[in-house]
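Now for the letters of each chain:
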Amino acid sequence: MAGYKIVYNGGSAEIVEKKSRFIANVFPLGSEEEAAGILEGIKKKYWDARHNCYAYVTGGISKCSDDGEPSGTAGRPILEVITGEGISDVLIVVTRYFGGTLLGTGGLVRAYSKSAKEGLCASSIVYKEPGKIITITTDYNGIGKLQYIASQMELAIMDTKYSEKAEMELVVSDGNIDTFVKKVTEATSGQALINKGDNIYFAVIDGKPVVFG
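What counts, and at which threshold
Residues numbered from 1 in each chain as written. Predicted model: local features only at pLDDT ≥ 70, side-chain atom pairs only at ≥ 80, totals over all residues. Heavy atoms only, no water. Buried < 20%, exposed > 50% of the residue type's maximum accessible area, 1.4 Å probe, protein only. Helix = DSSP H or I, 4+ residues; strand = E, 2+ residues; numbered from the N terminus. Pairing = 2+ DSSP bridges. Axes fitted to C-alpha atoms, helices over the stretch in contact; angles between N-to-C directions.

Chemist: Looking at this structure, I do not really get the pairing of strand β10 (residues 166–173). What am I missing?
Modeler: Regular strands have side chains that alternate between both faces of the sheet. Within β10, six of the eight residues are buried, which leaves it mostly tucked inside the rest of the structure. Judged from the eight bridges that link them, strand β8 (residues 124–138) and β10 form a sheet pairing that is antiparallel. The partner of I134 across the bridge, within β10, is L170. Here six bridges tie strand β9 (residues 156–162) to β10, and the two strands are oriented antiparallel to one another. Along β10, the bridge assignment pairs D159 with E169. Counting the residues in the hairpin turn of β9 and β10 gives three residues.

Spelled out as structure tokens, the structure:
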């Protein structure tokens, strides 16, 4: 399992080139079927636009469309912005309202690339990385040690429960698991119960872990 960047919240942006309006809309994407539904909605929303060009990457599949623009001047530049940023599970649609002046192939490539970049700048992009939810059960003396280790390793604590013993849930990336387990074992003299959950993907957003299904 390897980490990768995704769009957590999509955004939109607009640029104007020689009176032509280019409106970029960015969407998180789960499947090609979802892309088809979003594109249908965009075409209804911008029904009077001349072009709705797009590109997407999801599940290892990439696709792009010039939607009537000269071949290679719209969809491909949008796709190259996506791949250049290393983002997956994303759809970018750039709608063009023609302003009456031809931009030429180079001008179109620059306009669609710039629109896609501006759309991504207006979106929330996070790094989705592989890891596990690890549950540590310890006595009350151990909880402070766990908190210290988590702070030291910059790990995200999901929850802490107190009953007869203390139980802490943390999200730990694959690359940190062995080190974390070793530190917990040493700090608690091997008395803590360490339960490694299933493989997950997660991102830390505003200081809090978000687990993806």
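Chemist: How do you make sense of the sheet that holds strand β5 (residues 61–65) when you look at a structure like this?
Modeler: Sheet strands pair by backbone hydrogen bonding; their relative direction is either parallel or antiparallel. One open sheet holds the five strands; their spatial order is β2-β3-β7-β4-β5, and the pairing between them is antiparallel. The open sheet has two edge strands, β2 (12–17) and β5, and neither has a second partner. When strand polarity is set aside, the average angle formed by the axes of neighbouring strands in this sheet is 15°. In terms of strand pairing, β2 meets strand β3 (residues 20–28) through six bridges, oriented antiparallel. Along β3, the bridge assignment pairs E14 with I23.

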